[in-house]
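Listed here are the chains, written in short residue letters.
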Amino acid sequence: MKRAAALLALVSLASAGDDWIQDDIEKGYARAKATGKPLLVAFR
Amino acid sequence: MDGQLAGPSDEQLAKLRDQFVCVRLIQMGGVDLATFQFDPFLSWSVFFMNADKTIYGRFGRAHPQTKRNKKDSNPNHTPAGLKAAMSAALKIHQDYMRDPEQWGTALAGKTGATPRWRFAEKTPAARRYKRLKRIDSGEKGCVHCHEVQRTAIDSYFMKRIALPDNMLWLYPRPAVLGLTMDNRHAARVSKVAPDSAAAQAGVRVGDDIVSMSAQPLVSIADIQWVLHTFPDKGGVIPIEVARAGKPVMLSLELEDGWRRKEDFGWRYRVAGYSSWLWAGVSFRDSKQGVVVAQRAPRWFKRANEEPKRKLQPRDVIVEVDGKTGMDRSALLAYLMRDKRLGSKVTFVVLRGGQRVPVEFRIPKKQPEVQGY
C-alpha cells in the first residue's frame, strides 16, 4: 500500500509539473532533438 | 527536491526547468547503464544531457546517515545548488551546440566505459531476485537504484571476477581530497583541510572549481564522477578554478591507494550487504575495532541466517581469518573479494570483555532473495 501511495504521489507530482515525460527516455531524446532543448533526466 | 522541481512554487526554478525537456525515470529496469552511470545509493539524481546522449553533468549524491545529517534530510541537495547546476548545464548546452567538436572532446569523459552488464535485470545475479527475474521476462516491475549495485557486486562474486576498487570505494566524496564544498553553488570550496591534496595544490576557500580533468563541472556530483573514474594508482588531476573572477590552473596530485582512504561501509547501512552473505548485518568503526551494529531486518526473509544468529550487537571484531587491524571498509572489501561460496569465515570478537571465536560458513548455494 505504501509503495502504491508513493507511486500515486509521484504521478500527481508529475502531472502538476506540466509535461514531464514518465519512464520513456526514447521519447525524451526525440523531443529534445525536435526542440533543440537539453534533457533533464531525473532518477528517484 | 523532486516536488520542488516539478511544482510551480519556485518561479526561478520553474523558469530554468522550462528550458529543458524533463524526463523522470522511476525505476532502473531497461535503463542503459552504458549511458546512465551514477552513485546508486542516492535518493535523487539528475542528468543534464543532449539528445545525442552527450552528458553535460550530474546532480545529486548520497551521504552518510550520521546524527548530524539526520537533522537535515538532504544536506547535499539544495534548491540553490540545483539552480546553479541547471544554469551551468544550459551554458554548456549552448557551447556544445555552437561547437560540438571542441566541446564533445571535453565532455567525452562524462560518459563512463561500457559496463560488463548493461542492464540490471540482465546481470547473472538478477535471476536470484524474483522481481528482477520477472522484469527480464517482460513483466512490469521496479528495479531500485541500489539494486543495480547489489546485483553487479553479486554477479562479480558469482562469476569469480575480482571486484575493482571503484565498485567498492565508489563515487569518492570531495573530502578525500581535503575539500568541503558549499552545496548552494555548483562547485564552490568552503573549506580546505590543512596538508591535504587540495591544500598542497593551492586550492583556496571561495574558489569555484570550473573544471577537473578537462571536464566542465556543474555540481559536486561532477567532482565525484571525476574521482570515481580516476585511476586507483593515483596521478595528477589538472583543475581550473575561478578566483576573484580570474581563471587559475592548478595540479592536484593523488598518491597510489588514494581511493581507499574513504570509508564506504556507510553506503550499505540501508541497502544491506550482499544479502546472501551477510543477511543485513551491519558494522561501524570504533577505536577498539569493527563493531556489529545491527542485525538483519525482517525483510531479509531467506538470506543467510548464520551471521545473524552467531554475531551479536556490540560484538567487536578484532580478527578475521587471522587478520587484524581492519577497519569497516577493509573488512567488507576482504569479505566481498576474497571469500567464495562455501568458504569458512572465522572471526574473533570481544564479547563482554572475552575473546570469543565465531565461525560460520557461507552457504554453498545462494538463496533466492525474497525481500526487497
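Residue indices follow the written sequence of each chain, beginning from 1 at its first position. Ligands are numbered from 1 and chains lettered from A, in the order in which they are written. Given that this is a predicted model, residues contribute local features only at a pLDDT of at least 70 and side-chain atom pairs are listed and counted only at 80 or more, while totals for whole chains, interfaces and linings are drawn from all residues.

The next thing to look at is the domain arrangement of chain B. Residues and elements named next belong to chain B. Start and end points for every domain follow an automatic or database-based domain assignment. Domain annotation of chain B identifies domain 1 (2–167), domain 2 (174–261) and domain 3 (272–361). Computed over C-alpha atoms only, the centres of domain 1 and domain 2 are separated by 21 Å. Our contact criterion uses C-beta atoms placed from the backbone: two residues qualify when those atoms are within 7 Å. Across the boundary between the two partners, domain 1 contributes 24 residues, which contact 20 residues of domain 2. Strands are runs of DSSP state E lasting at least 2 residues, helices are runs of H or I lasting at least 4, and numbering of each runs from the N terminus. Among the elements that take part in the side of domain 1 that touches domain 2, helix α4 (residues 79–98) stands out by supplying seven residues, more than any other. Gly is placed with the polar residues, together with every amino acid not listed as nonpolar (Ala, Val, Leu, Ile, Met, Phe, Trp, Tyr, Cys and Pro) or charged (Asp, Glu, Lys and Arg). The residue makeup of the side of domain 1 that touches domain 2, split by class, is 11 nonpolar, eight polar and five charged.

This part covers the interface of chain B and chain A. In this complex, chain B contributes 27 residues to the contact, which on the side of chain A involves 24 residues. Of all the elements in the fold, those that place two or more residues in the side of chain B that touches chain A are α1 (2–6), β1 (21–25), β2 (45–49) and α4 of chain B. The residue makeup of the side of chain B that touches chain A, split by class, is 18 nonpolar, seven polar and two charged. Note on pairing: two strands pair once DSSP finds at least 2 bridges between them. With five bridges joining them, strand β2 (residues 39–43) of chain A and β2 of chain B adopt antiparallel strand pairing. Note that in β2 of chain B the partner of Val-41 of chain A across the bridge is Phe-47 of chain B.

On to the sheet that holds β2 of chain B, then. Spatial strand order, β1(A)-β1(B)-β2(A)-β2(B)-β3(B): five strands in an open sheet with mixed pairing. Two strands in the sheet have a free side with no partner beyond their single neighbour: β1 (21–22) of chain A together with β3 (55–59) of chain B.

Here we come to the environment of Leu-227 of chain B. All names here are of chain B. Here Leu-227 shows up in helix α10 (residues 220–228). Sequence separation of Leu-227 and Arg-259 is 32 residues, and the distance between their C-alpha atoms is 8.5 Å. For Leu-227, the contacting residues outside a window of four places in its chain are Pro-172 and Val-176.

On a regular strand, each side chain points to the face opposite its neighbour's, so the side chains alternate between the two faces of the sheet. Residue and element names in this part refer to chain B. Burial is judged by counting other C-beta atoms within 10 Å of a residue's own C-beta: 20 or more means buried, 12 or fewer means exposed, and anything between counts as partly exposed, with every C-beta placed from the backbone. Along strand β14 (residues 354–361), only zero of the eight residues are buried, which leaves the element largely exposed. Note that strand β13 (residues 344–351) and β14 share eight bridges and pair antiparallel. Bridge pairing links Val-348 to Pro-357 in β14. Counted between consecutive antiparallel strands, the loop separating β13 from β14 contains two residues, among which Gly-352 sits at a positive phi close to 60°.

What follows concerns the environment of Ile-239 of chain B. Residue and element names in this part refer to chain B. Checked against the element boundaries, Ile-239 lands in strand β8 (residues 235–243). Judged by the 26 C-beta atoms lying within 10 Å of it, Ile-239 is buried. Filtering out sequence-adjacent residues up to four positions away, Ile-239 remains in contact with Ile-209, Ser-211, Met-212, Leu-250 and Leu-252.

Attention now goes to helix α14 (residues 328–338) of chain B. When α14 of chain B is considered as a whole, its buried residues turn out to be Arg-328, Ser-329, Leu-332 and Ala-333 of chain B. Buried residues in α14 of chain B, looked at end-on, bunch into an arc of 125°, giving them a common side. In this description, the arc belongs to the directions extending from the helix axis to the C-beta atoms.

Before going further, it helps to examine the pairing of strand β5 (residues 188–192) of chain B. Alignment of strand β4 (residues 179–182) of chain B against β5 of chain B, held across four bridges, turns out to be antiparallel. Residue pairing in the sheet places Thr-180 of chain B in a bridge with Lys-191 of chain B of β5 of chain B.

Bringing unusual backbone geometry into the picture now. Residues and elements named next belong to chain B. Despite not being glycine, Arg-160 has its phi angle at roughly 55°, a positive value. Position of Arg-160 among the secondary structure elements: in the loop between α7 (145–158) and α8 (165–168). Located in the positive-phi region is Tyr-171, a residue other than glycine, with phi close to 40°. Tracing the backbone through its elements, the reader meets Tyr-171 in the loop between α8 and β4.

Next up on the list: the confidence of the model for chain B. Confidence of the predictor in every single residue is expressed as pLDDT, which spans 0 to 100. In this model, chain B carries a mean pLDDT of 84, and residues with pLDDT of at least 70 account for 83%. This complex was scored by the predictor with a pTM of 0.87 and an ipTM of 0.87.

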